[in-house]
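Now for the letters of each chain:
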Amino acid sequence: MIAKVGDDNFGQAMTDNLKECGVDTSYVSVASGAPSGCALITVAENTNTIVIVPGANAKLSPEDIPIKQENDVLLCQMEVPVETSLEAMRQCSGIKIVNTAPIPSGGVPDSFLQAADIVCANEVELELMTSIPADTIISATHSAKALIAKKSLDHTVVVATLGSNGALIVGNYGPTIHIPAITDITVVDTTGAGDSFLGALAAFLAQNFPLVLAVFLANLTAALAVQRPTTQPSYPNVDELVISYPQVFASSSAVTGLVDFVGNQKEELGFSLDLNHFSSPGATTDVPNPKEDEVILRLNADGSLSSFSSPP
């Protein structure tokens, strides 16, 4: 974790919590004279509103970024200065993920999006960036493709998180893939669902999971998180993920279940599922190219793949 906290009780508590969760806090520093950043959250009828006060986050500077470290995945968002995130991406040797939340009043800079390998945005953020509604699977597909065209994201993949509509993977190459939401659950609190999705996505990509399966598993992770109140305490670990979805994983063992699942799906699907498949013009596929107004493939809850031309 690269971050700044305030010289206050909140900052100490956040740092201690990170350490207890096994996070390396070597690059978490204290911003003298600044309060710790905080988020004020209200929840009504399973919908949340969040007001963010940046505090020490705004003090994180490019000079705080470690030089040219080997890393698998870098996850950036809009709560720290853009120039700091850009420097982190310049120093990153691995996959660069940009989360467009929270969108500032002036919008998301093109340079921030163009530096990423993966741009992750929810339906509200997609609409704000493209002026195209993203409240259905089809409209979200149009919105994601418009973002790629409008911002010249030729080699960037858009991962759209759509709440009850699941998630989409959209790129210039390869088929658009829809991953449905888990429907047989009781939603308690959606606060932090996007963060749980992003954390899981980065973690699975860091373990060399193909992009489609990393998104699939991140979707399952977020589905567990929304069934519990609050944010960080609601996030499941890998063991909980495997045990909670026996219909997906053949084994109750986290490692065995995940490895078997990934191996079986790669063999069953019969085409590449990694990041390059969606972002590289050299990628090849034996599945039909998607029409401009269609989502062509769906990865179902049991891990099977189906195709369709008119999603519900």
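None of these values were measured; they are calculated from a predicted model.

**Topic: the packing of helix α4 (residues 123-130) against helix α5 (residues 137-150)**
The axes of two packed helices give the description: the angle between them and the distance between them.
For step 1, the next point in the chain: Relative to each other, α4 and α5 sit at 45 degrees, their axes nearing to 9 Å. Considered as vectors, α4 and α5 are oriented oblique to each other. By crossing handedness, the relation of α4 to α5 is classed as left-handed. Every residue of α5 that contacts α4 at Leu126, Glu127, Met129 and Thr130 is listed here: Ala140, Ser143, Ala144, Ala146, Leu147 and Lys150.

**Here we look at unusual backbone geometry**
Note: most peptide bonds trans; most residues except glycine with negative phi.
For step 1, the next point in the chain: Omega for the peptide link from Ala101 to Pro102 comes to -15 degrees, which places this bond in the cis form.
For step 2, the next point in the chain: Phi at Ser152 takes a positive value of approximately 55 degrees, unusual for a residue other than glycine.
For step 3, the next point in the chain: Looking at the element boundaries, Ser152 is found in the loop between α5 and β8 (157-161).
For step 4, the next point in the chain: Non-glycine residue Asn208 carries a positive phi angle of around 70 degrees.
For step 5, the next point in the chain: Summarising the element assignment, Asn208 is placed in the loop between α6 (193-206) and α7 (211-225).

**Observations concerning the packing of α6 against α7**
For step 1, the next point in the chain: Across the interface, α6 lies against α7 with an axial gap of 8 Å and an inter-helix angle of 145 degrees. The crossing of α6 and α7 is right-handed. On α7, the residues that touch Ala193, Ser196, Phe197, Ala200, Leu201, Phe204 and Leu205 of α6 are Leu211, Ala214, Val215, Leu217, Ala218, Asn219, Thr221, Ala222 and Ala225.
For step 2, the next point in the chain: For the contact of α6 with α7, the per-class residue count stands at 13 nonpolar, 3 polar and no charged.

**Some words on a nonpolar patch on the surface**
For step 1, the next point in the chain: Nonpolar side chains collect at one region of the surface, where Ile41, Val43, Ile50 and Ile52 lie side by side and expose about 290 Å² of accessible area between them.
For step 2, the next point in the chain: Counting residues per element, the ones that place at least two in the nonpolar patch are β3 (38-44) and β4 (47-53).
For step 3, the next point in the chain: Positionally, Ile52 belongs in strand β4.
For step 4, the next point in the chain: Looking at Ile52, the relative accessible area reads 30%, which means it is partly exposed.

**Let's talk about α5**
For step 1, the next point in the chain: Taking 1.5 Å of rise per residue, the 14 residues of α5 would be expected to cover 20 Å, and the 20 Å separating its terminal C-alpha atoms lies within 8% of that figure.
For step 2, the next point in the chain: What α5 keeps buried is the set Ile137, Ser139, Ala140, Thr141, Ser143, Ala144, Leu147 and Ile148.
For step 3, the next point in the chain: In the stretch just after α5, Ser152 is the one whose phi turns positive, near 55 degrees.

**Observations regarding the pairing of strand β5 (residues 73-76)**
For step 1, the next point in the chain: Both β5 and strand β6 (residues 95-99) contribute to a ladder of 4 bridges, which runs parallel. Note that in β6 the partner of Val73 across the bridge is Ile95.
For step 2, the next point in the chain: In this region the chain leaves β5, passes through helix α2 (residues 82-91) and returns to the parallel neighbour β6; the handedness of that crossover is right-handed.

**Some thoughts on the pattern of salt bridges**
For step 1, the next point in the chain: Summed over all chains, the structure comprises 5 salt bridges.
For step 2, the next point in the chain: One salt bridge in this structure joins Lys96 and Asp117, with 3.8 Å as the shortest N-O distance. Of this pair, Lys96 sits in strand β6 while Asp117 is found in the loop between α3 (110-114) and β7 (118-122), placing the two residues 21 residues apart along the sequence.
For step 3, the next point in the chain: By relative accessible area, which is 16% here, Lys96 ends up buried.
For step 4, the next point in the chain: A salt bridge links Glu240 to Arg228, with the nearest nitrogen and oxygen atoms 2.8 Å apart. Remark: Arg228 occurs in the loop between α7 and α8 (238-244) and Glu240 occurs in helix α8; sequence separation between them is 12 residues.
For step 5, the next point in the chain: Glu240 gets classed as partly exposed once you look at its relative accessible area, which sits at 28%.
For step 6, the next point in the chain: Residue classification places Arg228 among the partly exposed residues on the basis of a relative accessible area of 23%.

The rules we used
- Residues numbered from 1 in each chain as written.
- Predicted model: local features only at pLDDT ≥ 70, side-chain atom pairs only at ≥ 80, totals over all residues.
- Heavy atoms only, no water.
- Axes fitted to C-alpha atoms, helices over the stretch in contact; angles between N-to-C directions.
- Helix = DSSP H or I, 4+ residues; strand = E, 2+ residues; numbered from the N terminus.
- Parallel < 35°, antiparallel > 145°, perpendicular 65-115°, else oblique.
- Left-handed = near helix turned anticlockwise from the far one by under 90°.
- Contact = heavy atoms within 4.5 Å.
- Nonpolar A, V, L, I, M, F, W, Y, C, P; charged D, E, K, R; others polar.
- Patch = residues over 30% accessible without salt bridge, like charges linked within 9 Å, V, L, I, M, F, W, Y side chains within 5 Å.
- Areas by Shrake-Rupley, 256 points an atom, 1.4 Å probe, with all protein chains shown as cover.
- Salt bridge = Lys/Arg side-chain N within 4 Å of Asp/Glu carboxyl O.
- Buried < 20%, exposed > 50% of the residue type's maximum accessible area, 1.4 Å probe, protein only.
- Expected span 1.5 Å × (residues − 1).
- Pairing = 2+ DSSP bridges.
- Right-handed = clockwise from strand over helix to strand, strands pointing away.

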